[in-house]
Amino acid sequence: MSFLIGWLNQERRRKKFMLEAVVISEKDIEKLSERIYETHGYDFRGYAQASYKRRIHNVHFKLKCKNIQELSDKILNGRNLFDSFLAALSVPVTDMFRDPIFFRGLKTHVLPHLKSYPFFKIWHAGCATGEEVYSLAIFLQEAGLLQRAMIYATDFNPNALSRAKSGVIHKKDFNKSQINYKLAGGMKDLSHYGAFKNGDFVFEEQLREKMTFASHNLVQDGSFGVMNLILCRNTLIYFGKRVQMRVLRLFNDSLVHRGIFCLGFKESLDCIDEEQHFETWLLNEKIYKKRIRVKI
Ligand SMILES: C[S@@+](CC[C@H](N)C(=O)[O-])C[C@H]1O[C@@H](n2cnc3c(N)ncnc32)[C@H](O)[C@@H]1O
């Protein structure tokens, strides 16, 4: 046992040394981002530096590159490697009913508000593998509102989107999903909304009918239509201030009068003039309403 622990520690130190041994400067990252933009059209130039740099280091290590030039050549010359690079940068980490307090707030306050519309549109931006989308669809169904909804779910990671479309929860995640659902105020059993197939849980077709999954890059693309509710949770955190501002303006412009906007718990509206754009509706849940702009 002590031999195993010793070996693991040694391995950890070796990996740390390898990561630290390759010095990737800000300038290197800037150049790499420029070349990625020119070659593949993805714009990472405005991403928050610390986490972006950490992920580049990880890919560098995984692909066993000797220097940044080698990494750059590898990912710029092959579409397959670029797709893996994109997947490594995109962090599609999510959960069913992630932050149950937030979903409880949606259920208690936002759904009754949506009830006043005969028809409404929802945009999940940065939806990753779709768990957030299915979570809200379940609550809409329980409130008798799913038939009035059009749900758009977007991300720039094609692998994440195709998993989202398939509507599958891995067997190992099902219990946690069930617990989160109950904590968020779910009244049934999650298994009511689908069935186990080959060990994994697959959501029923009826839940998926109102969903459209599409590729959309928040840094570069325009509005997705006029929405009643926009959720962009745990995504802005990866962007630098300038990009955050652009994306928040895009959301503000994409909302109907008094439309609703939801952020992740670690995110804020600090980078834009909040007074001009949004007003806080539910403080703890990070749910906002589009502010009425008074023209003088
Ligand atoms: C941590 S996940 C958030 C998933 C979900 N919203 C949640 O809160 O559980 C962040 C997602 O943002 C996506 N993302 C990052 N940069 C993006 C961009 N420029 N345009 C669209 N999506 C982006 C990633 O691909 C990833 O799936």
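Residues numbered from 1 in each chain as written. Predicted model: local features only at pLDDT ≥ 70, side-chain atom pairs only at ≥ 80, totals over all residues. Heavy atoms only, no water.

### Regarding the overall build of the chain
(1) Moving on: A tally of helices and strands in the chain yields 12 helices and 10 strands.
(2) Moving on: Relative to a compact globule of 296 residues, whose C-alpha radius of gyration would be 19 Å, the chain shows 21 Å and is just as compact.
(3) Moving on: Counting only residues that meet the buried cut, the chain has 47% of its 296 residues in that class.
(4) Moving on: Here the chain contributes 46 positive and 32 negative side-chain charges, whose respective centroids are spaced 2 Å apart. (Helix = DSSP H or I, 4+ residues; strand = E, 2+ residues; numbered from the N terminus. Rg over C-alpha atoms; globule rule 2.2 N^0.38 Å. Buried < 20%, exposed > 50% of the residue type's maximum accessible area, 1.4 Å probe, protein only. Lys, Arg positive; Asp, Glu negative; His and termini not counted. Charge placed at Lys NZ, Arg CZ, Asp CG, Glu CD.)

### So, the packing of aromatic side chains
(1) Moving on: Tallied over the full model, the rule gives 24 aromatic pairs.
(2) Moving on: When the centroid spacing of 5.3 Å and the interplanar angle of 70° are considered together, the rings of F97 and F103 count as edge-to-face. In this structure, F97 and F103 share a single accessibility class: buried.
(3) Moving on: Ring-pair connections join several aromatic residues into one group, and the members of that group are Y42, F44, Y47, Y52, F82, F85, F156 and F239.
(4) Moving on: Its end group placed over the ring of F139, K107 keeps NZ or CZ at 4.8 Å from the ring centre.
(5) Moving on: The residue whose ring lies beneath K289 is W281, and the NZ or CZ to ring-centre distance is 4.2 Å. (Phe/Tyr/Trp six-rings, centres within 6.5 Å; stacked < 30°, edge-to-face > 60°. Lys NZ or Arg CZ within 6 Å of the ring centre and 35° of its normal.)

### What about the site of the ligand?
(1) Moving on: Inspection of the region around the ligand gives 21 residues, with Y47, T94, R98, D155 and N234 positioned closest.
(2) Moving on: The contact in question runs from a nitrogen atom of the ligand to an N or O atom on the side chain of Y47, over 2.7 Å.
(3) Moving on: Interatomic distance of 2.5 Å between a side-chain N/O atom of T94 and an oxygen atom of the ligand.
(4) Moving on: Bound to the protein, the ligand loses 99% of the 610 Å² it would expose on its own. (Near = heavy atom within 4 Å. Polar contact = N/O pair within 3.5 Å; in protein donor to acceptor, adjacent residues only side chain to side chain. Areas by Shrake-Rupley, 256 points an atom, 1.4 Å probe, with all protein chains shown as cover.)

### As for the nonpolar core
(1) Moving on: In this structure, I36, F44, I56, W123, L218, F251 and F261 are the most contacted members of the largest nonpolar core, which totals 43 residues.
(2) Moving on: Taken together, the elements giving at least two residues each to this core come down to α2 (26-40), α3 (49-62), α4 (68-77), α5 (79-90), β1 (120-125), β7 (227-232), α11 (241-253) and β8 (255-263).
(3) Moving on: Among the elements that line this core, the one with the most residues is α11, at 5 residues.
(4) Moving on: Split by domain, the residues of this core number at least three in each of domain 1 (2-90) and domain 2 (100-290).
(5) Moving on: Not counting the four nearest positions on each side in its chain, F44 is found in contact with S33, I36, Y52, L86, L89 and F156.
(6) Moving on: Within the second largest apolar cluster, 42 residues are counted, among which are V110, F201, F203 and M211. (Core = buried A, V, L, I, M, F, W, Y, C linked by side-chain atoms within 4.5 Å. Domains from an automatic or database assignment. Contact = heavy atoms within 4.5 Å.)

### Focus: the packing of α3 against α5
Relative placement of two packed helices is described by the angle separating their axes and the distance separating the axes.
(1) Moving on: At a minimum axis separation of 9 Å, α3 and α5 run at an interaxial angle of 140°. If you check the angle between α3 and α5, you find them oblique. By crossing handedness, the relation of α3 to α5 is classed as right-handed. Contacts between α3 and α5 involve Y52, R55, I56 and V59 on the former and, on the latter, F85, A88 and L89.
(2) Moving on: When its residues are assigned to classes, the contact of α3 with α5 shows 6 nonpolar, no polar and 1 charged. (Axes fitted to C-alpha atoms, helices over the stretch in contact; angles between N-to-C directions. Parallel < 35°, antiparallel > 145°, perpendicular 65-115°, else oblique. Left-handed = near helix turned anticlockwise from the far one by under 90°. Nonpolar A, V, L, I, M, F, W, Y, C, P; charged D, E, K, R; others polar.)

### So, α11
Counting along an α-helix, one turn takes 3.6 residues, and residues three or four places apart therefore face a common direction.
(1) Moving on: For α11, with 13 residues, the first-to-last C-alpha span of 18 Å sits near the 18 Å given by 1.5 Å per residue.
(2) Moving on: What α11 keeps buried is the set V243, Q244, V247, L248, L250, F251 and N252. (Expected span 1.5 Å × (residues − 1).)

### Digging into the sheet that holds strand β10 (residues 287-290)
(1) Moving on: Taken in spatial order, the 7 strands make up an open sheet running β6-β2-β1-β7-β8-β10-β9, and their pairing is mixed. Looking at strand neighbours, the two that pair on one side only are β6 (211-215) and β9 (278-282), the edges of this open sheet. On average, each strand axis in the sheet is tilted by 25° relative to the strand beside it, whichever way the strands run.
(2) Moving on: Taken together, the 5 bridges between strand β2 (residues 149-155) and β6 define a ladder with parallel strand orientation. Each bridged residue has a counterpart across the sheet, and for A153 the counterpart in β6 is F213.
(3) Moving on: The strands touched by α11 within the sheet are β1, β7, β8, β9 and β10, with β8 carrying the most contacts at an inclination of about 140°. (Pairing = 2+ DSSP bridges.)

These figures capture arrangement, not role.
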